[in-house]
Amino acid sequence: MTDPDLATCHCIIGHPGKPKFLVIKHAQGWQPPSLKFPRGIVDYKASMINDGMLSKYGLHTRVVRPVLATPGYHCIELELSSPARNRNIKAVWTDREQYLRARRDWGGQVDPFEQWLLDREHGEIPPQRPPWHVPGWFSKADTWIHHQLDSLGVQVTGGVEQHRVGWNASCLLRVMTGEGGIYFKAGYAKPPGEASLTMALANKFPRYVIPPLAVDLPRNWMLNRDFGRENDHRPDAASLPGFARLMANLQIESASCMDEWEALGCPRHDLKYLLELIKRGEDLLSPILETQDTIRGDVINQFALRLQAQAGLISQLQSYAIPDTLIHLDFRRDNLVARGAGCGIMDWTDVVIGHPFLVLRTMYGESSAAARNPALDPEPIGSRLLQEITRAYLEAFLPFATAERLEQAMDLARQLFVLWRYVFFWHELAWVERHSPRYLFIIGKLQNLVRQLLAVEPAIRA
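Residues numbered from 1 in each chain as written. Predicted model: local features only at pLDDT ≥ 70, side-chain atom pairs only at ≥ 80, totals over all residues. Heavy atoms only, no water.

Student: Explain the overall build of the protein chain to me, please; I cannot follow it from the model alone.
Tutor: Broken down by element type, the protein chain carries 15 helices and 16 strands. At 24 Å, the protein chain has a C-alpha radius of gyration in line with the 23 Å of a compact globule built from 462 residues. Projected onto the principal axes, the alpha-carbon positions of the protein chain cover approximately 75 × 60 × 45 Å. Out of the 462 residues belonging to the protein chain, those deemed buried represent 51%. Partitioning the intrachain contacts of the protein chain with sequence separation of at least 6 by distance along the chain shows that 70% fall at a separation of at least 24. Just so you have it, the protein chain exposes about 22,000 Å², and 51% of that area is on carbon and sulfur atoms. Computed over 51 positive and 51 negative side-chain charges, the separation of the two mean positions in the protein chain equals 4 Å. (Helix = DSSP H or I, 4+ residues; strand = E, 2+ residues; numbered from the N terminus. Rg over C-alpha atoms; globule rule 2.2 N^0.38 Å. Buried < 20%, exposed > 50% of the residue type's maximum accessible area, 1.4 Å probe, protein only. Contact = heavy atoms within 4.5 Å. Areas by Shrake-Rupley, 256 points an atom, 1.4 Å probe, with all protein chains shown as cover. Lys, Arg positive; Asp, Glu negative; His and termini not counted. Charge placed at Lys NZ, Arg CZ, Asp CG, Glu CD.)

If you want it as structure tokens, here you go:
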């Protein structure tokens, strides 16, 4: 693999009690530890980073959070999981004054090291920063995991490993046991709390939802079995129509107890709410306008016109009188589990109340991605399979309308998918630390969705 294929990763290892970080004696002088690894999202590379630090420097570390993320460069905060290190490595703690005397030129960009030191000096943690992005959190989760597994009589056969830690919405840790892999999941503060909601769904709909092994409701923590791709628990493409019918049945049953889901924190993102948002058109654009001052006036006008067209589609969809239900916002194969003769739906991180047909947005998205690049999935969702999925899903709603009218309503819902996704990310910003990699990722998503909504050549200039 050549260097252009690799991303550079600088690591900020903070002092446990002082605003200092570790620098190591390299051939080029004293520098923060660094690694190189294949380009891509750092979120899934925690084990690679920790193994790299141990191999290169003899340091036992854990990933805390991404500080800066671009395709070719990352800056990540780590913490020492053990004070022991390779005695051949020379390392010292440096403060801001010492760092500023020898720092590199960042070309006018924000220096992540200086910003980190300033934040540590002030001692303030942004309220949107999730708990797992704070040093010391891992040890609390590790203790809870071992206590719960011991209570369940499950033998632990390996250490707790970081699996997915850089994302904002949740953190995944994994531990091997005598009964196979077990995942620990911590969710962020955005309601509904996934642990509470999953327990409520599993109690009410045991045919559809797999209950966690253990939960800590106040902290929004769960333990779940690892239904991994390497075994028969992951459904093949041919089984997706059955899962679509299952989801439809769950939604229809959920419609009879909307007050219960609202009490658990599921927000109403129904058609009426979408119409209210459309009346605040510039508010929907405000996150992009705040971060980018080069949006042309004609783009804003086009956006307003397109929103009015979407309002017309919403009004048409309202006329079909299909009841509001729960909506799983990430209904895709990775979150479906085949278990014996039955099946189940997982990952209830983001659930809202609204028009049920919007649940198939992700399935249609998977189909589009596979059409653009079949290599993304060995079993892509082609147009024929997507028709079967849609038909199986709509059959459950026949008590509410004829097959023809249901297909018309689904077509209207499909035309609202982009706006629906935009509204999701627009809401998500309030729960994400400003200027963090995740925040900038969402801004980029919003920009792309505006382009899709306008259906023209990119009009937002970077």
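Now that the structure is up, let's keep going.
Student: Could you clarify how one ought to interpret the packing of aromatic side chains in this entry?
Tutor: We describe a pair of aromatic rings using the distance from one ring centre to the other and the angle between the two ring planes. Under the counting rule described, the total for this entry stands at 19 aromatic pairs. Ring geometry for Trp 144 and Phe 184: centres 5.8 Å apart, planes at 65°, overall edge-to-face. Highlighted residues: Trp 144 in helix α4 (residues 137-151) and Phe 184 in strand β10 (residues 180-187), separated in sequence by 40 residues. By relative accessible area, which is 1% here, Phe 184 ends up buried. (Phe/Tyr/Trp six-rings, centres within 6.5 Å; stacked < 30°, edge-to-face > 60°.)

Student: Help me understand the sheet that holds strand β6 (residues 73-82), please; the structure alone is not making it clear to me.
Tutor: Hydrogen bonds between backbone atoms are what pair the strands of a sheet, whose relative direction is either parallel or antiparallel. Taken in spatial order, the four strands line up as β4-β1-β6-β5 in an open sheet, and their pairing is mixed. Both edges of this open sheet fall to β4 (34-38) and β5 (60-69), since each of them pairs with a single strand only. Neighbour-to-neighbour, the strand axes of this sheet turn through a mean angle of 35°, independent of strand direction. (Pairing = 2+ DSSP bridges. Axes fitted to C-alpha atoms, helices over the stretch in contact; angles between N-to-C directions.)

Student: Any chance you could explain the nonpolar core here in plain terms?
Tutor: The nonpolar side chains of a soluble globular protein tend to be buried, and buried together. In terms of nonpolar packing, the biggest core is built from 87 residues, with Trp 261, Phe 331, Trp 348, Phe 357, Leu 360, Tyr 393 and Tyr 422 touching the most fellow members. Not counting the four nearest positions on each side in its chain, Trp 261 is found in contact with Leu 197, Ala 200, Leu 201, Lys 204, Phe 205, Ser 254, Cys 266, Leu 326 and Ile 353. Core analysis: the next-biggest nonpolar cluster, separate from the first, contains 41 residues, Leu 22, Ile 49, Val 160 and Phe 184 among them. (Core = buried A, V, L, I, M, F, W, Y, C linked by side-chain atoms within 4.5 Å.)

Student: Can you help me understand helix α6 (residues 240-254) in this one?
Tutor: The α-helix winds at 3.6 residues per turn, so residues separated by three or four positions along the chain end up facing the same way. Along its 15 residues, α6 runs 21 Å from first to last C-alpha, staying within 8% of the 21 Å computed at 1.5 Å per residue. Residues of α6 that are buried: Leu 240, Pro 241, Phe 243, Ala 244, Leu 246, Met 247, Ala 248, Leu 250, Gln 251 and Ser 254. (Expected span 1.5 Å × (residues − 1).)

Student: Mind showing me how you'd approach the sheet that holds strand β2 (residues 21-26) here?
Tutor: Across the sheet, three strands lie side by side as β3-β2-β7; this open sheet has antiparallel pairing. Pairing within the sheet leaves two strands with one partner each, and these edge strands are β3 (29-31) and β7 (91-94). Within this sheet the neighbouring strands show an average axis-to-axis angle of 35°, counted without direction. Note that β2 and β3 share three bridges and pair antiparallel.

Student: Help me understand helix α9 (residues 281-291) in this model?
Tutor: Taken as a whole, α9 has its buried residues at Gly 281, Leu 284, Leu 285, Pro 287 and Ile 288. Each buried residue of α9 sits inside an arc of 145° when the element is viewed along its axis, so together they form one side. Away from the buried face of α9 by more than 90 degrees, exposed residues Glu 282 and Glu 290 are located. (Arc of directions from axis to C-beta.)

Student: Is there a simple way to think about the pairing of strand β12 (residues 221-225) in this case?
Tutor: Successive side chains on a regular strand alternate, one facing one side of the sheet and the next facing the other. In terms of burial, β12 is a largely internal element, four of the five residues being buried. When strand β11 (residues 214-216) meets β12, the two strands line up antiparallel, connected through three bridges. The residue of β12 that forms the bridge with Val 215 is Met 222. Turn length for the β11-β12 hairpin, with the two strands adjacent in sequence and antiparallel, is four residues, and the turn residue Asn 220 shows positive phi of about 60°.

Student: Just to check I follow, could you spell out the pairing of strand β1 (residues 6-13) for this structure?
Tutor: Along β1, seven of the eight residues are buried, which leaves the element largely enclosed by surrounding structure. Bridge count for β1 against β4 is five bridges, and the pairing is antiparallel. Bridging across to β4, His 10 finds its partner in Ser 34. As defined by bridge partners, β1 adjoins β6 across six bridges and the pair is classed as parallel. Its bridge partner being in β6, Ile 12 is matched across the sheet by Glu 77.

Student: I tried to follow the environment of Arg 65 on my own but got confused; where do I start?
Tutor: Relative to the elements of secondary structure, Arg 65 occurs in strand β5. Taking the C-alpha atoms as reference points, Arg 65 and Leu 246, 181 residues apart in sequence, are found 37 Å from one another. Those residues within four positions of Arg 65 in sequence are excluded, and the remaining contacts are Ile 76, Glu 77, Trp 116, Arg 129, His 133 and Glu 433.

Student: Mind showing me how you'd approach the packing of α9 against helix α10 (residues 297-318) here?
Tutor: To describe two helices that pack against each other, one gives the angle between their axes and the distance between the axes. At a minimum axis distance of 10 Å, the contact between α9 and α10 shows a crossing angle of 140°. Taken together, the axis directions place α9 and α10 in an arrangement best described as oblique. Note on packing geometry: the crossing formed by α9 with α10 is right-handed. Of the residues in α10, those in contact with Gly 281, Glu 282, Leu 284, Leu 285 and Leu 289 of α9 are Ile 300, Phe 303 and Leu 307. Looking at the contact of α9 with α10, its residues break down into six nonpolar, one polar and one charged. (Parallel < 35°, antiparallel > 145°, perpendicular 65-115°, else oblique. Left-handed = near helix turned anticlockwise from the far one by under 90°. Nonpolar A, V, L, I, M, F, W, Y, C, P; charged D, E, K, R; others polar.)

Student: Help me out: how do you make sense of the side chain of Arg 129 in this one?
Tutor: Inspection of the secondary structure puts Arg 129 in the loop between α3 (112-122) and α4. At 2.7 Å, the side chain of Arg 129 and the side chain of Glu 433 are in polar contact. Every residue in contact with Arg 129, bar those within four places of it in the chain, is listed here: Arg 65, Val 134 and Glu 433. (Polar contact = N/O pair within 3.5 Å; in protein donor to acceptor, adjacent residues only side chain to side chain.)

Student: Is there a simple way to explain the pattern of salt bridges in this structure?
Tutor: Pairing is possible between side chains of opposite charge, provided their charged atoms come close. Applying the stated criterion to the full structure yields 25 salt bridges. Notably, a salt bridge pairs Arg 280 with Asp 283, separated by 3.2 Å at the nearest N-O pair. Using a relative accessible area of 38% as the deciding quantity, one classes Arg 280 as partly exposed. Residue classification places Asp 283 among the partly exposed residues on the basis of a relative accessible area of 36%. A salt bridge links Arg 414 to Asp 411; its shortest N-O distance comes to 3.4 Å. Pair noted here: Arg 414 and Asp 411 are both in helix α13 (residues 403-415), with a separation of three residues, about one helical turn. Taking the relative accessible area as the measure of exposure, Arg 414 reaches 32% and is therefore partly exposed. Among the ionic contacts, a cluster of salt bridges with common partners joins Lys 190, Asp 350, Glu 428 and Arg 438. (Salt bridge = Lys/Arg side-chain N within 4 Å of Asp/Glu carboxyl O.)

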